[in-house]
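Reading the structure
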Amino acid sequence: MARHSLVYDEDKMSKGIAKQALEIASKHAKKLNIEVLDAEYVKEGNERYLRVYLYKPEGISIDDCELVHRAIDKEIDNLNISDSYYLEVSSSGYDKNLRTEREFEIFMNSDVEISLYKAMDNEKKFTGTLKGRDADNTTLSIDDSLKIFENKNIAKITRFFKL
């Protein structure tokens, strides 16, 4: 019981840090005509990462990332984060899990890959064109037909790059 409570508290803390970072980054990025799509505070192995994902229609450059990083660095350091962490500022790459309503709006009609928790039609991964997303379902166009996935069954949705 105590272990479960600890995991819940850590998840709640991580979401709180990410939310604060998103607000700080959005305030500064807006001045640079850059949109902040998402932020996450995650543990990978023994390291922690605070990641901020940027967007603008013409694309994000390394200079954009550096400008936002410099603008938010001191203010982020003033957050109540007890563990050491790496601050990463980047574009929303192809491997980023699409999570926010704005990301789905931007990447509508783009190719995506959906990974499911459990197999559906003997498959756990589906690639198609994102055609719809609401609170309950995500719709892909696969081979000229629409396939609907319940969001609760989706482990991850990423953009898919066709060669």
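Conventions adopted
- Residues numbered from 1 in each chain as written.
- Predicted model: local features only at pLDDT ≥ 70, side-chain atom pairs only at ≥ 80, totals over all residues.
- Heavy atoms only, no water.
- Pairing = 2+ DSSP bridges.
- Helix = DSSP H or I, 4+ residues; strand = E, 2+ residues; numbered from the N terminus.
- Axes fitted to C-alpha atoms, helices over the stretch in contact; angles between N-to-C directions.
- Contact = heavy atoms within 4.5 Å.
- Phe/Tyr/Trp six-rings, centres within 6.5 Å; stacked < 30°, edge-to-face > 60°.
- Lys NZ or Arg CZ within 6 Å of the ring centre and 35° of its normal.
- Expected span 1.5 Å × (residues − 1).
- Bend = angle between axes of the 7 residues up to and from the residue.
- Buried < 20%, exposed > 50% of the residue type's maximum accessible area, 1.4 Å probe, protein only.
- pLDDT = per-residue confidence, 0-100.
- Salt bridge = Lys/Arg side-chain N within 4 Å of Asp/Glu carboxyl O.

Taking strand neighbours across the sheet as the criterion, the three strands line up as β1-β2-β3 in an open arrangement whose pairing is mixed. Across the chains shown, the open sheet's two edge strands, defined by having one partner strand only, are β1 (35-44) and β3 (86-91). For this sheet, the mean inter-axis angle between neighbouring strands, taken without regard to orientation, is 20°. In this fold helix α2 (residues 62-77) packs onto β2 (47-55) and β3, with an angle of close to 145° to the strand it touches most, β3.

On a regular strand, one side chain projects to one face of the sheet and the next to the other, so that they alternate. By the bridge criterion, six bridges tie strand β4 (residues 111-120) to strand β5 (residues 123-133) in an arrangement that is antiparallel. Of the residues in β5, the one forming a bridge with valine 112 is glycine 128. Counting the residues between successive antiparallel strands, the hairpin from β4 to β5 contains two residues, one of them, aspartate 121, with a positive phi of roughly 55°. The sheet contact formed by β4 and strand β8 (residues 154-159) spans five bridges and is antiparallel. Along β8, the bridge assignment pairs glutamate 113 with threonine 158.

Within the open sheet, the five strands sit side by side as β7-β6-β5-β4-β8. Their pairing is antiparallel. In this open sheet, the two edge strands, each paired with only one partner strand, are β7 (145-150) and β8. Within this sheet the neighbouring strands show an average axis-to-axis angle of 45°, counted without direction. Relative to strand β6 (residues 137-142), β5 is paired through four bridges, and the arrangement is antiparallel. Bridge pairing in β6 links glycine 132 to threonine 139.

If you walk through the whole model with that rule in mind, you get five aromatic pairs. Above the face of the phenylalanine 104 ring, arginine 133 is positioned so that its terminal group lies 4.1 Å from the ring centre. It is arginine 159 that lies over the ring of tyrosine 94; its NZ or CZ is 4.2 Å from the centre.

Its 16 residues place the ends of α2 22 Å apart at the C-alpha level, agreeing with the 22 Å of an ideal helix rising 1.5 Å per residue. Where α2 bends most, at alanine 71, the angle is about 35°. Those residues of α2 that fall on the buried side of the exposure criterion are Asp64, Cys65, Val68, Ile72 and Ile76.

Okay, the confidence of the model for the protein next. Low pLDDT marks regions whose predicted coordinates should not be analysed in detail. For the protein, the mean per-residue pLDDT works out to 92, and 94% of the residues sit at or above 70. Here residues 1-8 scores under 50 on pLDDT; set against residues more than four positions off or in separate chains, the count is zero contacts.

Moving on to the environment of phenylalanine 161. By the element assignment, phenylalanine 161 lies in the segment after β8. Residue phenylalanine 161 is classed as exposed on the basis of its relative accessible area, which comes to 52%.

The next subject is unusual backbone geometry. The phi torsion at asparagine 109 lies on the positive side, around 70°, for a residue other than glycine. Along the chain, asparagine 109 falls in the loop between α3 (101-106) and β4.

This part covers the pattern of salt bridges. In the structure shown here, the tally under the stated rule is 15 salt bridges. Here arginine 99 makes a salt bridge to aspartate 38, at a shortest N to O gap of 2.8 Å. With arginine 99 in the loop between β3 and α3 and aspartate 38 in strand β1, this pair connects stretches of sequence that are 61 residues apart. With a relative accessible area of 43%, arginine 99 lands in the partly exposed category. Overall, the relative accessible area of 5% leaves aspartate 38 in the buried class. Residues joined by salt bridges that share partners form a network here, namely Asp38, Lys96, Arg99 and Glu103.

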